[in-house]
Amino acid sequence: MRRVLVTGVTGFAGSHLVDYMLERGDVEIWGIQRWRSRTENIEHFKERIRLVECDLRDAESTRDTIEKTRPEWIFHLAAQSFVPTSWKAPTESLTTNILGQLHLFEACRRIGISPRIQIACSSEEYGMVHEDELPIKETNPLRPLSPYAVSKVAQDLLAYQYFMSYGTDVVRTRGFNHEGPRRGPVFVASDFAKQIADIERGAREPVIHVGNLESRRDFTDVRDMVRAYWLALEKGVAGEVYNIASGTAWRIQDVLDLLLGMPKLKIEVRPDPARLRPSDVPVLLGDASRFQAATGWHTTIPFERTLADMLDYWRRAEPARVPF
């Protein structure tokens, strides 16, 4: 049984990764949580894995956790991952994402273990991409447009530096947008789905509030994404960086139209200036051919099913208490 540690296990991708590993049945799974972590994403499996309390921003806490778990593989998914929050709390976003990874690397190095580590980087690192640069390859310039994106560039390059300086067995994955059940309602497709579910149950007026609908994003189902994370460590080359993407860009307007076509209700669409960002990435369309060649990975779940599953997830969730 391979011993695996998942940081951010209570989160969206982390919980789906554990689902995937439990289906495999050949992994001893450890997960990091903080005392204030929400646990609704892991209630269905938390008795089948080992949880340890750790704050990666604390070097001593991180060393103690690595000493206790001594993992063979680490999936580093813990991060402040919501782009708008990084404008409101840039210091927290930078320190959480960069120092957390630094402490993880240093803990492994000082304890004297060399696990394979997957670093979940982000397509947001590419930032301002020009039309003639599409689809985006790993060699594209990094022009980050948010504090979150800057933090992910730092994580990305820190991983490369540790590989070059200390031989850290690290694989970097630049995941493009991924969606599915359990996605937080602050993210665009899940936000639309939750608003629709709330309207269906009568918890809010039949109006959906939107921000910029012209951006284009490359969406992958989270269940395909976490399978890619596994393959990154199983078959990826240490020190390498890989895009994980579907190769199709959806306009946010088209995502909204697909979701609005699912309920049997007439819903008004209303722009909300508060949902606009100080600077927005116009288009993210990824080229995952390097990763596909290395691992054989490809997407298996159509985006239409991803959206339907997400809407069903919010239909089953507790009703929102939104006055109108």
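Residues numbered from 1 in each chain as written. Predicted model: local features only at pLDDT ≥ 70, side-chain atom pairs only at ≥ 80, totals over all residues. Heavy atoms only, no water.

**Q** Outline unusual backbone geometry, listing residues and values.
**A** A cis amide bond links leucine 134 with the next residue in sequence, proline 135, at an omega value of -10°. By the element assignment, proline 135 lies in the loop between strand 5 (116-122) and helix 5 (147-166). Residues other than glycine seldom take positive phi values, yet arginine 70 does so here, at roughly 40°. Mapped onto the elements, arginine 70 comes out in the loop between helix 2 (59-69) and strand 4 (73-76). Positive phi is not limited to glycine here, since arginine 182 has a value of about 80°. Mapped onto the secondary structure, arginine 182 falls in the loop between strand 7 (178-179) and helix 6 (188-200). (Helix = DSSP H or I, 4+ residues; strand = E, 2+ residues; numbered from the N terminus.)

**Q** Help me get a handle on the pairing of strand 5, residues and values and all.
**A** With 7 of 7 residues buried, strand 5 is to be regarded as a mostly interior element. Residues Arg116, Gln118, Ala120 and Ser122 line one face of strand 5 and the alternating positions Ile117, Ile119 and Cys121 line the opposite face, and both faces are buried. As paired elements, strand 4 and strand 5 share 4 bridges and run parallel to each other. Bridge pairing links tryptophan 73 to arginine 116 in strand 5. Bridge count between strand 5 and strand 6 (residues 170-175): 6 bridges; the pairing is parallel. Within strand 6, the position partnered with serine 122 by the bridge is glycine 175. Note that the unit made of strand 5, helix 5 and strand 6 has a crossover that is right-handed. (Buried < 20%, exposed > 50% of the residue type's maximum accessible area, 1.4 Å probe, protein only. Pairing = 2+ DSSP bridges. Right-handed = clockwise from strand over helix to strand, strands pointing away.)

**Q** Report on the nonpolar core, specifying residues and quantitative values.
**A** Residues Val6, Val18, Met21, Phe75, Leu77, Tyr229 and Phe291 are the most contacted members of the largest nonpolar core, which totals 34 residues. Among the secondary structure elements, those contributing two or more residues to this core are strand 1 (2-7), helix 1 (12-24), strand 2 (27-33), strand 4, helix 7 (222-235) and strand 11 (241-244). Here this core gets 9 residues from one element, more than from any other, and that element is helix 7. In contact with tyrosine 229, other than residues within four places in its own chain, are Ala13, Phe75, Leu77, Gln118, Ala120, Thr173, His178 and Ile244. (Core = buried A, V, L, I, M, F, W, Y, C linked by side-chain atoms within 4.5 Å. Contact = heavy atoms within 4.5 Å.)

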